Amino acid sequence: MTLVAGVLESTVRLATPLLLAAMGEIIAERSGVLNLGVEGMMLGGALTGFAAAVASGSLVVGFIAGTAIGAAMALLHAVLCVSFEADQVISGIMLTLLGVGLTTYFSQGWVGESIEGFRTITVPLLSEIPVVGAAFFSVTALDYLGLALVPFVWYLLFRTNVGREITAVGDDPETADTAGVPVYRIQYACVVLGGAFAGAGGAQLSLAFTNFWAPEMVAGRGWIAVALVIFAQWRIWRVLAGTYFFAAIDALSFRAAAVRDATLGVLDTPALESTVRFLLNPQVMNTYPYLLTIAVLWYVMRRGTLAELGAPSALLESYSRERD
Amino acid sequence: MSEADPILSVENLTKRFDDVVANDDIDLTVRRGEVHGLLGENGAGKSTLMNVLYGLYSPTSGRIVFDGEERSFESPKDAIDAGIGMVHQHFMLVPRMSVLENIVLGERETASGGADGGLLSGLKAMLSRSREGPRSRIERLSEEYGLAVDPDAKVWELDIGERQRVEILKALYRDVELLILDEPTAVLTPNEAERMFETIRTLVEEGLTVVFITHKLWEIDRMADRVTVLRDGRRIETVDADSVSEADLAEKMVGREVLFRLDKEPVSVGDPVLEAADLSVSDDRGTTALSGVDVTVRRGEIVGIAGVSGNGQRELAESLIGFRPLEDGEIAIDGRDLTGAKPRAFVDAGVSFVPEDRYRYGCASGLSVMHNAGVKTYRDGLGGDGPFVDYDAMAEYADDLVSVFDVRGVGDVRATPAGELSGGNLQKLILGREMRRSPEVLVANQPTRGVDVGAIENIRELMLEQRTAGTGVLMISEDLDELLDVSDRILVMYDGEFVHETTPAETDRWELGMYMSTGTAPTTDERAPTTEPT
């Protein structure tokens, strides 16, 4: 039982960066701009957040700094893709490579340091619900924040004037323009806001999960967030479900040894032992989120084209008035 | 307010795109309360001029005076605020959003009315929304102007006529005084077009001024008070619509005399050359597009297929050239069974094809005119007998095609990409390619849609030449005049079936229109005003 409770608790904490990054990517993509720089922006958020927290002594300052660096990196993407009409795929991958390179270079002094990260806040009574109580009601402020943002982002996108304008810009910028919607401002705002979410997700990793910095510590979560957006078909509630699914797999691999021992104890089948040992080998388990990403994309894409799944119709297209 | 009170005047307006002058020193005056026709061929600069007035393009030079004030519009929002609305030829609607959402898009309605300019109230207008106020306003407007729509329907569910009504409501919702309609009837069936004309009349009665762009002469005659003719980016003349004949207008528009009557010489019809029986196929989404249709075309005969697009015409054309797999049925060309054969077999059997979407399926738009001209003939000795292509021979062939079929805008056949030609010239290139091989059968889908008056004349003549040469022609069209002028026989297609067969002599525009839009024979009472009492 403790194993299940432990896995659940890690699931909730591991879900937060994925959730933040994927929500941010939904906001950007709904305005028609794909940003493949999520991984880089999360790395930037993780390192900057950690460094600022150590330097200032304040975790809140660190978190804000991490969020801001995500927004700043996204601004670069917006300038390139919205104003200069650069290829969104190339610019995004560039942003990720830039994030990996810069954080690896500048972080050398920070490797090996650790801080006391955001503390667990336990909600009385609710946290005593068996199994799930501790997982959901005994986590850090940032995990609560991530969950609280879900209804907020949903409301912004689906129940406000500006949310409808974002959808219109992402589907058909020319139509939006002729209706008097400020297309470029909307796209800039969405890309930058999306970057802030990714930066915040990265900062959560270093400030509330690991409590230290390690190069490339985001470990592909940014890419998983991009895949989650497709899996969620650009919808907020579905991204919440997808995030927990992936985080659970991630959490299992964190506790690979315990999972393996528990499984071998239950199965007690010498014939299968080597297979089980292989499948539950920590290194092998580390590949599961990525294998799952491939499997999920395979499954989703068999059901229809991106357009049929609900992708913004003008995703990847840059808009310019006088070019027909 | 005199009748000559101008609501809009444009002085010396020039719009240049790099080296191309789209509008050259244009003067235009629109009087308050009139219907002003803007006539010109494709590429004459009509849409560019209107996009400048709507704030989408910024003019290179010139003055725009609207409602007595000189204006310079930075964006469509400025034009809307000043009181100019525009309904574009390609509808500006977001399919996945509802009618109501499309109409209010950009207006940021709140429960307490619009924003008052303050930062806080601006933020509130962004982060809230209102549905009830706009809904009742839309309902009021649609009643007042007779524009019935369901505010909660999603736009993708609407047909073309309904979408157009939404577009007009969108402009009316913004309280415009001047409404620009860019080729409003281009995509409508004849009956929908009639309804559109009534709407325009209502708009003018309610005090609006309407500018409508067209290249159809009879529409000017029907609707416009005054007409301005543009040609090659320049204004030719503005005249009262009553004082000018269609022939005069055509000449001003094209720059030369245009023949309206096609010389259709009698041709004796020969043996069946295309025989298709019981064809059943699905469309791209897997639903039934054709449910067991039969069609036969004889040598020297033009069979016109009438119908509103989307009733199975595209699938019919594609199955007759072997492109779309048959679920059932048989096809024979010149007596030879080609059921289930590949497109190549159809090409070799002498079937030529002019597709509906000429930029996508009619040519490889990035490749040169030469490559496109030779794409169906390069195997037939054009490039020598070996595996190599003789580009000199191919260029010569292409040059010949370009001059015989009067394809304009080609600098060097090896260098000019086919996609850069205008619609009419590309169509002439495609027709040339398909006809030069002396086909047994020609399948042409919407051969003149979106093509200039001058080119239309050429294209129709080319099809008649094929008929004289003994080719069996199957022509799919939505243009009633074309069907009546060119065809020997007409089949009306509705919902994947032929619902009516007739000849031009036995039918008229009205009857065809009714079959096309309802799929059944018109009842006599619908025609009450013109039928004689029994």
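This is a predicted model, so every value here is computed, not measured.

**A few points about the overall build of chain A**
Now for step 1: The number of helices and strands found in chain A is 16 helices and 2 strands.
Now for step 2: The globule rule puts the C-alpha radius of gyration for 324 residues at 20 Å, and the 20 Å found for chain A is close to it.
Now for step 3: Considering only C-alpha atoms, chain A reaches an extent of 70 × 50 × 40 Å along its principal axes.
Now for step 4: Counting every position in chain A, which comprises 324 residues, the buried fraction comes to 48%.

**Description of the overall build of chain B**
Now for step 1: The number of helices and strands found in chain B is 18 helices and 20 strands.
Now for step 2: Taken over the C-alpha trace, chain B has a radius of gyration of 26 Å; the compact-globule value for 534 residues is 24 Å, and the two agree within 12%.
Now for step 3: Referenced to the eigenvectors of the C-alpha coordinate spread, the extents of chain B come out at roughly 75 × 55 × 50 Å.
Now for step 4: For chain B, long-range pairs separated by at least 24 residues make up 69% of all intrachain contacts whose partners lie at least 6 apart in sequence.

**Description of the sheet that holds strand β18 (residues 472–477) of chain B**
Residue and element names in this part refer to chain B.
Now for step 1: Reading across the sheet, the 6 strands line up as β16-β17-β18-β13-β19-β20 and stay open at both edges, with mixed pairing between neighbours. The open sheet has two edge strands, β16 (351–354) and β20 (497–502), and neither has a second partner. Averaged over neighbouring strand pairs, the angle between their axes works out to 20 degrees when direction is ignored.
Now for step 2: In this sheet, strand β19 (residues 489–494) lies alongside strand β13 (residues 302–306) in parallel orientation, the contact comprising 4 bridges. Note that in β19 the partner of A306 across the bridge is V492.
Now for step 3: The strands that helix α16 (residues 453–468) touches are β13, β17 (441–445) and β18; relative to β18, the one it contacts most, it runs at about 150 degrees.

**Looking at the sheet that holds strand β11 (residues 272–282) of chain B**
Residues and elements named next belong to chain B.
Now for step 1: Within the open sheet, the 4 strands sit side by side as β12-β11-β14-β15. Their pairing is antiparallel. Of all strands in the sheet, those bounded by a partner on one side alone are β12 (288–298) and β15 (336–337).
Now for step 2: The pairing of β11 with strand β14 (residues 328–333) spans 5 bridges and is antiparallel. For A277, the partnering residue across the bridge sits in β14 and is E330.

**Section: the interface of chain B and chain A**
Now for step 1: If you look at the interface, chain B gives 22 residues, while chain A gives 20 residues.
Now for step 2: Listed by contribution, the elements that provide at least two residues to the side of chain B that touches chain A are α2 (76–82) and α4 (119–126) of chain B.
Now for step 3: Ranked by the residues each element gives to the side of chain B that touches chain A, the list is headed by α2(B), at 3 residues.
Now for step 4: When its residues are assigned to classes, the side of chain B that touches chain A shows 13 nonpolar, 3 polar and 6 charged.

**Digging into the nonpolar core**
Now for step 1: With 223 residues, the main nonpolar core has L18(A), A22(A), A46(A), L228(A), I84(B) and I180(B) as its most contacted residues.
Now for step 2: With 15 residues, helix α9 (residues 183–209) of chain A is the largest single contributor of residues to this core.
Now for step 3: Dropping the residues within four chain positions of it, L228(A) is found in contact with L18(A), A22(A), V239(A), G242(A), T243(A) and F246(A).

**A closer look at the domain arrangement of chain B**
Now for step 1: You can read the domains of chain B as domain 1 (1–83 + 176–258), domain 2 (96–175), domain 3 (261–350 + 439–534) and domain 4 (363–437).
Now for step 2: Each of domain 2 of chain B and domain 3 of chain B has a C-alpha centre, and these two points are 41 Å apart.

**Considerations on unusual backbone geometry**
Now for step 1: Even without glycine at this site, Q233(A) takes up a positive phi of about 50 degrees.
Now for step 2: With respect to the helices, strands and loops of the structure, Q233(A) is situated in the loop between α10 (221–231) and α11 (236–254).
Now for step 3: Under the C-beta neighbour-count criterion, Q233(A) is labelled partly exposed, with 18 such atoms within 10 Å.
Now for step 4: You will see that E183(B), though not glycine, has its phi angle at about 45 degrees, which is positive.
Now for step 5: Within the fold, E183(B) resides in the loop between β7 (178–182) and α7 (190–205).

**Quick notes on the confidence of the model for chain B**
Residue and element names in this part refer to chain B.
Now for step 1: Across chain B, pLDDT averages 87, with 94% of residues at or above 70.
Now for step 2: Note that residues 527–534 has pLDDT below 50 and, in this model, 2 contacts with residues that lie over four places away or in other chains.
Now for step 3: Across the interface, the model reports ipTM at 0.87; the global pTM reads 0.77.

**Concerning the packing of helix α2 (residues 38–56) of chain A against helix α4 (residues 88–106) of chain A**
Residues and elements named next belong to chain A.
Now for step 1: Orientation of α2 relative to α4, taken along the N-to-C sense of each, is 25 degrees, at an axis distance of 7 Å. Classed by the angle they form, the pair α2 and α4 counts as roughly parallel. Classified by chirality, the crossing of α4 by α2 is left-handed. Seen from α2, the contacting residues are E39, G40, M41, L43, G44 and L47; seen from α4, they are L95, T96, L97, L98, G99, V100, T103 and F106.
Now for step 2: Of the residues in the contact of α2 with α4, the class split is 8 nonpolar, 5 polar and 1 charged.

**A few points about α2(A)**
Given 3.6 residues per helical turn, the α-helix brings residues three or four places apart onto the same face.
All names here are of chain A.
Now for step 1: For α2, built from 19 residues, the straight-helix expectation of 27 Å at 1.5 Å per residue is met to within 8% by its first-to-last C-alpha distance of 26 Å.
Now for step 2: With 16 of 19 residues buried, α2 lies mostly within the body of the structure.
Now for step 3: Where α2 ends, the next residue or the one after it, G57, has phi of about 80 degrees, a positive value.

**Quick look at the pairing of strand β10 (residues 234–240) of chain B**
Residues and elements named next belong to chain B.
Now for step 1: Note that strand β9 (residues 226–231) and β10 share 6 bridges and pair antiparallel. The partner of R226 across the bridge, within β10, is D240.
Now for step 2: Linkage of β9 to β10, two consecutive antiparallel strands, is achieved through a turn of 2 residues, within which D232 is found at a positive phi near 50 degrees.

**Some points on the environment of E330(B)**
Residues and elements named next belong to chain B.
Now for step 1: By the element assignment, E330 lies in strand β14.
Now for step 2: On the neighbour-count criterion, E330 (15 C-beta atoms within 10 Å) is partly exposed.
Now for step 3: In sequence terms E330 and L320 are 10 residues apart; their C-alpha atoms lie 9.9 Å from each other.
Now for step 4: In contact with E330, other than residues within four places in its own chain, are A277, D278, D337 and T339.

**With respect to the environment of R231(B)**
Residues and elements named next belong to chain B.
Now for step 1: The residue R231 is located in strand β9 in this model.
Now for step 2: What makes R231 partly exposed here is the crowd of 18 C-beta atoms within 10 Å.
Now for step 3: Separated by 215 residues in sequence, R231 and Q446 place their C-alpha atoms 25 Å apart.
Now for step 4: Not counting the four nearest positions on each side in its chain, R231 is found in contact with G40, A44, I236, M253 and G255.

**Let's talk about the environment of R108(B)**
Now for step 1: Looking at where R108(B) falls in the secondary structure, it is placed in the loop between α3 (99–104) and α4.
Now for step 2: R108(B) sits in the buried class, given 23 other C-beta atoms within 10 Å.

**Some remarks on helix α9 (residues 246–254) of chain B**
Residue and element names in this part refer to chain B.
Now for step 1: Considered for burial, the residues of α9 that qualify are L249, A250, M253 and V254. Taken around the axis of α9, the buried residues stretch over an arc of 115 degrees, which confines them to a single face.
Now for step 2: Once α9 ends, the next one or two residues include G255, with phi positive near 90 degrees.

**Section: the packing of helix α1 (residues 2–30) of chain A against helix α6 (residues 141–158) of chain A**
Residues and elements named next belong to chain A.
Now for step 1: The interhelical angle for the contact between α1 and α6, taken along N-to-C directions, is 25 degrees, at an axis separation of 9 Å. In terms of orientation, α1 and α6 fall into the roughly parallel class. Viewed along their axes, α1 and α6 form a crossing whose handedness is left-handed. For the pair α1 and α6, the contacting residues are V12, R13, T16, L19, L20, M23, I27 and R30 in the first and L142, D143, G146, L149, V153 and L157 in the second.
Now for step 2: In terms of residue class, the contact of α1 with α6 is built from 9 nonpolar, 2 polar and 3 charged.

**Overview of the pairing of strand β1 (residues 6–17) of chain B**
Regular strands have side chains that alternate between both faces of the sheet.
All names here are of chain B.
Now for step 1: As judged from the 8 bridges shared by β1 and strand β2 (residues 20–31), these two strands associate in the antiparallel manner. From the neighbouring strand, L13 faces β2, where its bridge partner is I26.
Now for step 2: Linking two consecutive strands that pair antiparallel, namely β1 and β2, is a turn of 2 residues; a positive phi of about 50 degrees is found at D18 within it.
Now for step 3: With 5 bridges connecting them, β1 and strand β4 (residues 61–66) associate as antiparallel partners. Along β4, the bridge assignment pairs S9 with V65.

What counts and what doesn't
Residues numbered from 1 in each chain as written. Chains lettered and ligands numbered in written order. Predicted model: local features only at pLDDT ≥ 70, side-chain atom pairs only at ≥ 80, totals over all residues. Helix = DSSP H or I, 4+ residues; strand = E, 2+ residues; numbered from the N terminus. Rg over C-alpha atoms; globule rule 2.2 N^0.38 Å. Buried ≥ 20, exposed ≤ 12 C-beta atoms within 10 Å, placed from the backbone. Contact = placed C-beta atoms within 7 Å. Pairing = 2+ DSSP bridges. Axes fitted to C-alpha atoms, helices over the stretch in contact; angles between N-to-C directions. Nonpolar A, V, L, I, M, F, W, Y, C, P; charged D, E, K, R; others polar. Core = buried A, V, L, I, M, F, W, Y, C linked by C-beta atoms within 7 Å. Domains from an automatic or database assignment. pLDDT = per-residue confidence, 0-100. Parallel < 35°, antiparallel > 145°, perpendicular 65-115°, else oblique. Left-handed = near helix turned anticlockwise from the far one by under 90°. Expected span 1.5 Å × (residues − 1). Arc of directions from axis to C-beta.

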